[in-house]
Amino acid sequence: MDEKEKLEKQQAGRRAFLGCLGGAVAGGAVAVTAGSVLPKQALAAAATTPESPPAPAAKAYDPTKHKWAFGVDATKCIGCLRCVEACKLENEVALDAHHFRTWVERYVYLDGEDTPHVDSQADPVNIAAAGTERDYRFSNRYKDEKVDKAFFVPKLCNHCTHPACVQVCPTGATFKTEDGAVVIDHTYCIGCQYCVQACPYGARFFNPEKRVTDKCTWCYHRITKGLMPACVEVCPVSARVFGDRNDKESTISKFLADNRVEVLKPETGNAPNVFYVGIDKDVS
Amino acid sequence: MEALFTPAAFTGYTYPNETVFPWGVLIVVYPYLTGLVAGAFTVSSLYQVFGMQRFKPVAHFALLASWCLMLFVPTPLLLHLGHPERAFNAVFTPHWTSAMAMFGYFAGFYILLLTLETWFVFRPHIVHQAQTLKGLPGLFYRVLTLGSYDLSEKAMRYDSKWIFALAVTGIPAAHGLHGYVGFLFGSLKSREWWSSDLMPVIFLFSAIISGTSLLIVLYVLSCKLRRVPVDVDCVKGMGYTLWGFVMFTLLLEGVEFANIVYKGREGIDMIMLFVSTRLLIPFFVVQIAIGAATPILILSFLFWRGVAGKALVTGITVAGCLVLINVIMMRFNVVIGGQEIAKTGKGLLYYPWELLGREGVLAAASVLIAPFLLMLLMVRVFPPWEDETKALSH
């Protein structure tokens, strides 16, 4: 809980900023392009906020009352990568091409080919198109090709029911909360990276500054206050949905009820809690 | 300022986070060291437990070598940890489902056991030195006696019982420690290259061959340096041990590889591409052909033709050197190779070699060399060679 409270304080000043970011995206404006400047602004905002607003809701939060889950409708994703950007800013993820709590993959089937061309925003060609590792975009690299089929797949930690990462953690620094999120206690992690190895989805990374393992927490500091994860908040096409499965009227419950969903790498037995619609056999 | 990380180049598609390798060359050195420990201890036990007299000339040295190597086993791990100051979190509040949480207990128990056995084995020497040396060296040995100066027949019989008991306990302890390292890799389902039930067994056998090889090479080298004749029978015995275990290890590695290929699960295309291009030289040429098949051929020829004397010693030593290369290459191909195959099954990564830095080649080489420097010192503090012990006692 200490970690959670610390996170809350850290993020308090950035909440307003994220709201602006979401608003800008919804308005269709490309508000965030100077990635190198914005994080500093965000940090400055955090630093200059006189005091964090009280969070009574957080204190009242009861993890036993919730069962969080995440849905991805790949048919809706347009690959705008606002989710990646919002996540990086909200969670202070290193602004480079090697550390992501969430990312987006692009699958492109060219005419006459059986296997897809896959890339993410971290691909050197896409970085070149963006001009910097701190901005995110997919280059129009297939413009001269005949494309049979193409789609985007947002990825993040699957917050598995049987997480291999939690199983292998030697200290218990990473654990599954009662509400289903898999989180890491950064004050207790020894940085052995065994969990990074164990995760079949490549969702974990080593935070080079904190020297501990890091990953998506479904924005635990936000969801415990009744907010949506940053990536869900900013998605302009609602390709990402999040909610409480205990609430039958929640978006996620409806998403699961209305769709035939699948999970990534079910053969691992990890039993992910991120459910996909509209992915293809080659997505792993 | 040193870069916080060195990203890896890649081909195909890899998850973005995979471009920073979690484990580097330090984690190659770690299982190499534990393997040498377990292997050297095995040879020591062949004499102490199974009474194989031909191993007597190296038995005490094997124990001392195990001890020196074991002291440095935690070093690569501590250097690798993001927060080494929190290392004991895994010991004081272990997470029981984690194989890695057991390391502290296995290693702690085994270091204690090795220290005790080493003390018992060298007690006559310690007492002798404590009674003859003056000044600081004398004080050093007097402290080491722990107040026990009794070298009577009864006391020595008592010591022998302890040595035997510790050596017997040490066999599962040493092999458990190394089998556990194999389990660390083999139990991960995220990487097809690691995920094998045979991994702990392969690690165990490769440990035995590496430790035996090390003893062969160091024993022959020490004889040359000390200008004493090599005990050919002892070296031949270690040669036989090596021969049998290398064949078995090669068979296990072959079966494991055949399993991966034959099962042909998801991602096999990338594995086949990897082994047929990037791993062609490190795996097939260095590890298998040079490091395993060649020593088997050399040893087979030596034993078949009944070669004796200096030629036999030279042949077995060369085979030992090759097997040492085999095992470090095997560790490299497992630890680094496994991470070079992307978890996506759609790409390959290139391990970014670093010379300097906390996890660079220099650090790894230093960790690998350090136990041998300690050994140089320890053979002077506790002479393990039979001839020297005899000379001292007369």
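Overview of the structure. (Residues numbered from 1 in each chain as written. Chains lettered and ligands numbered in written order. Predicted model: local features only at pLDDT ≥ 70, side-chain atom pairs only at ≥ 80, totals over all residues. Heavy atoms only, no water.)

Here we look at the overall build of chain A
Broken down by element type, chain A carries 10 helices and 10 strands. Counting only residues that meet the buried cut, chain A has 58% of its 284 residues in that class. Sequence separation of at least 24 residues holds for 66% of the intrachain contacts in chain A that already meet a minimum separation of 6. Total accessible area computed for chain A in this model is approximately 11900 Å², and 53% of it derives from carbon and sulfur atoms. (Helix = DSSP H or I, 4+ residues; strand = E, 2+ residues; numbered from the N terminus. Buried < 20%, exposed > 50% of the residue type's maximum accessible area, 1.4 Å probe, protein only. Contact = heavy atoms within 4.5 Å. Areas by Shrake-Rupley, 256 points an atom, 1.4 Å probe, with all protein chains shown as cover.)

Some remarks on helix H2 (residues 56-72) of chain B
For H2 of chain B, which comprises 17 residues, the first-to-last C-alpha distance of 26 Å matches the rise-based estimate of 24 Å (1.5 Å per residue) to within 8%. Burial within H2 of chain B is extensive, with 13 of its 17 residues counted as buried. (Expected span 1.5 Å × (residues − 1).)

Brief notes about the pairing of strand E2 (residues 102-110) of chain A
Residues and elements named next belong to chain A. Counting buried positions over the 9 residues of E2 gives 9, a clear majority of the element. The alternating pattern of E2 places Thr102, Val104, Arg106, Val108 and Leu110 and Trp103, Glu105, Tyr107 and Tyr109 on opposite faces, both of which are buried. Bridge count for E2 against strand E4 (residues 147-156) is 9 bridges, and the pairing is antiparallel. The residue bridging Arg106 from the neighbouring strand is Phe152, located in E4. As judged from the 4 bridges shared by E2 and strand E3 (residues 117-120), these two strands associate in the antiparallel manner. In the strand pairing of E3, Tyr107 is matched with Val118. Linking E2 to E3, which pair antiparallel, is a turn of 6 residues; within it Gly112 sits at a positive phi near 85°. (Pairing = 2+ DSSP bridges.)

Brief notes about the sheet that holds E4 of chain A
All names here are of chain A. The sheet built from 3 strands is open, its strands ordered E3-E2-E4 with antiparallel pairing. Edge positions in the sheet fall to E3 and E4, since each of these pairs with one other strand and no more. Here the strands of the sheet are splayed against their neighbours by 20° on average, with no regard to which way each runs. (Axes fitted to C-alpha atoms, helices over the stretch in contact; angles between N-to-C directions.)

Notes on the layout of surface pockets
As a volume, the largest pocket reaches approximately 930 Å³. Around the largest pocket, the lining is made up of 33 residues, and of these Glu266, Gly267, Lys343, Thr344 and Gly345 of chain B lie nearest the centre. Contributions of two or more residues to the lining of the largest pocket are made by E3 of chain A together with strand E1 (9-13) and helix H10 (268-276) of chain B. Partitioning the lining of the largest pocket into residue classes produces 10 nonpolar, 11 polar and 12 charged. (1 Å grid on protein atoms, 1.4 Å probe; cavity = no way out; pocket = protein on both sides within 12 Å on 5 of 7 lines; lining within 4 Å. Points joined across faces, edges and corners; volume = space filled by probe spheres on them. Nonpolar A, V, L, I, M, F, W, Y, C, P; charged D, E, K, R; others polar.)

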